[in-house]
Amino acid sequence: VTNAHVVRDAELVEVVLHDETILPAEVIGLDDDSDLAVLQIDLSADRPSTGEVTPLPLGDSDEVLPGEEVIAIGNPFGRQSSMTYGIVSAVGRTINSLTPFSIPQAIQTDAAINPGNSGGPLLNLYGEVIGVNAQIESAVRANAGVGFAIPANIVARVVPVLVSEGRFQWPWLGVQGGSLSPRLAEANDLPPNTRGAYISGVIEDGPAAEAGLRGASRETRVNDLPIPVGGDVVVALNGQPARDMDDLILLISQQEAGDQVTLSLLRDGEEIELAAVLAVRPDGPRE
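Per chain, residues are indexed from 1 in the order of the written sequence. The model is predicted, so local features are restricted to residues of pLDDT at least 70 and side-chain atom pairs to those at 80 or more, both for listing and for counting; the totals for chains, interfaces and linings are taken over all residues. Side-chain measures were taken over the full set of non-hydrogen atoms in the model, leaving aside hydrogen atoms and water.

Topic: the overall build of the protein chain
The helix and strand tally for the protein chain stands at five helices and 19 strands. Across its three principal axes, the protein chain shows a C-alpha extent of roughly 70 × 35 × 30 Å. A total of 287 residues make up the protein chain; the buried ones form 43% of that total. Considering only intrachain contacts with a sequence separation of at least 6, the fraction spanning at least 24 residues in the protein chain is 57%. What counts as a helix is a DSSP run of H or I of at least four residues, what counts as a strand is a run of E of at least two, and both are numbered from the N terminus. Type-normalised accessible area, obtained with a 1.4 Å probe on protein chains alone, sets the label of each residue: buried when under 20%, exposed when over 50%, and partly exposed for intermediate values. For this analysis, residues touch if any pair of their heavy atoms sits within 4.5 Å.

A closer look at the nonpolar core
Here is a general trend for soluble globular proteins: nonpolar side chains tend to be buried in one another's company. Buried Ala, Val, Leu, Ile, Met, Phe, Trp, Tyr and Cys residues form a nonpolar core when they are joined through side-chain atoms within 4.5 Å. Judged by nonpolar contacts, the single largest core of 19 residues is most densely connected at Leu-173, Leu-213, Val-234, Leu-237, Leu-248 and Leu-263. Elements supplying a minimum of two residues to this core: strand 12 (197–202), helix 4 (207–211), strand 15 (233–237), helix 5 (245–253), strand 17 (260–267) and strand 18 (270–277). Counting residues per element, this core draws most heavily on helix 5, at four residues. Grouped together as the second largest cluster of nonpolar side chains are 16 residues, Leu-36, Ala-106, Ala-134 and Ile-154 included.

Notes on the pairing of strand 6 (residues 102–109)
Strand 6 sits mainly inside the fold: six of its eight residues count as buried. In short, DSSP must find at least two bridges between two strands for them to pair. Judged from the five bridges that link them, strand 5 (residues 82–96) and strand 6 form a sheet pairing that is antiparallel. Residue pairing across strands places Asn-96 opposite Ser-102, the latter belonging to strand 6. Between the antiparallel neighbours strand 5 and strand 6 lie five residues.

Here's the deal with the sheet that holds strand 2 (residues 22–31)
Overall, antiparallel pairing links the three strands, which are arranged 1-2-3 in an open sheet. Strands with a single pairing partner mark the edges of an open sheet, and in this sheet they are strand 1 (14–16) and strand 3 (36–41). Sheet twist, expressed as the average angle between the axes of neighbouring strands with direction ignored, equals 50 degrees. Bridge count between strand 1 and strand 2: three bridges; the pairing is antiparallel. By the bridge assignment, Glu-14 is partnered in strand 2 with Pro-24. Only the stretch in contact is used when fitting a helix axis, every axis being a line fitted to C-alpha atoms; angles between N-to-C directions are given from 0 to 180 degrees.

So, the sheet that holds strand 4 (residues 69–74)
As summarised here, the arrangement of the six strands in space is 4-5-6-9-8-7, forming a closed barrel in which the pairing is antiparallel. Averaged over all pairs of adjacent strands, the angle between their axes in this sheet comes to 50 degrees, without regard to strand direction. Here strand 8 (residues 129–136) runs beside strand 9 (residues 147–151); their pairing, made up of five bridges, is antiparallel. Bridging across to strand 9, Val-132 finds its partner in Ile-150. This element, helix 2 (residues 152–165), spans strand 6, strand 8 and strand 9 of the sheet and lies at about 45 degrees to strand 9. In this fold helix 5 packs onto strand 5 and strand 6, with an angle of close to 115 degrees to the strand it touches most, strand 6.

Quick word on unusual backbone geometry
For Asp-205, which is not glycine, the phi dihedral falls at a positive 65 degrees. Tracing the sequence through the fold places Asp-205 in the loop between strand 12 and helix 4. The exposure class assigned to Asp-205 is exposed, which follows from its relative accessible area of 62%. In this structure, Asn-238 is a non-glycine residue whose phi angle is positive, near 55 degrees. With respect to the helices and strands, the residue Asn-238 is situated in the loop between strand 15 and strand 16 (240–241). Look at Asn-238 and you get partly exposed, because its relative accessible area is 36%.

A look at helix 5
Of all nine residues in helix 5, seven are buried, a share of seventy percent or more. For helix 5, the complete set of buried residues consists of Met-245, Asp-247, Leu-248, Leu-250, Leu-251, Ile-252 and Ser-253. Polar contact is the term for a pair of N or O atoms within 3.5 Å; when the atoms are in protein, one must be able to donate a hydrogen and the other to accept it, and sequence-neighboring residues count only if both atoms are side-chain atoms. The opening residue of helix 5 is Asp-244, an N-cap whose side-chain oxygen sits 3.2 Å from the backbone nitrogen of Asp-246.

Here we look at the side chain of Thr-194
Mapped onto the elements, Thr-194 comes out in the loop between helix 3 (182–187) and strand 12. Owing to a relative accessible area of 15%, Thr-194 belongs among the buried residues under this scheme. If we ignore the near neighbours within four places in the chain, the residues touching Thr-194 are Leu-180 and Leu-266.

Have a look at this one:
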């Protein structure tokens, strides 16, 4: 397992094993939305191996907590099999994928992650993979103590489907928006402490549009800043709270394409419910 961005445009892919044996690999599945890819290598041929090849066990990323000690392994700047050490700085982060859609529940770590670490494991001290190192946040493309890993539970969900089908189909609601802030709530005649996912736009002919969700109808200005008004505020999906847009992204990602979901939302100050049937995410531009 590695990152999709590591191998997507590669003309030749090779895997280096622990004993420095180099084997040709084939990309058998790739998912831009989760930035994951699966490689297949042939271990049947004779090779000068010093030991058996043993897969690393996957941990439960839902059990990961801030402050846990972690180890990142990768090839930063081409330095093969480098190990760095740190802690989990935060969990539940939402990060960019290779498409316009986001990856939920990412793990943030201060273990040094640099270009070349992508696709390597983020391990707990039991040797379990809790994430796949994917990206950093840095103005200079070097470690600034803010690295992100795709959580192991997304790996466990996506990879078996990539192996069997070559493609993973994520569910899609078809909305645009962000988290409801006090200023945004006030502009929409809601109490300033209201929590939820604000719908600024609804994709034409998408599941949300067919269900009757409404995006913002106009803009007002607060302190000379444009604020959208008139959009629905989603506060729950299937009875599970959506305190912000990150929550809504996570709740949708946990469903399957074709599932019917119940959306609880605030419209004109009143709470209503709408049923929507999730579709498969459309193919779109990628980075």
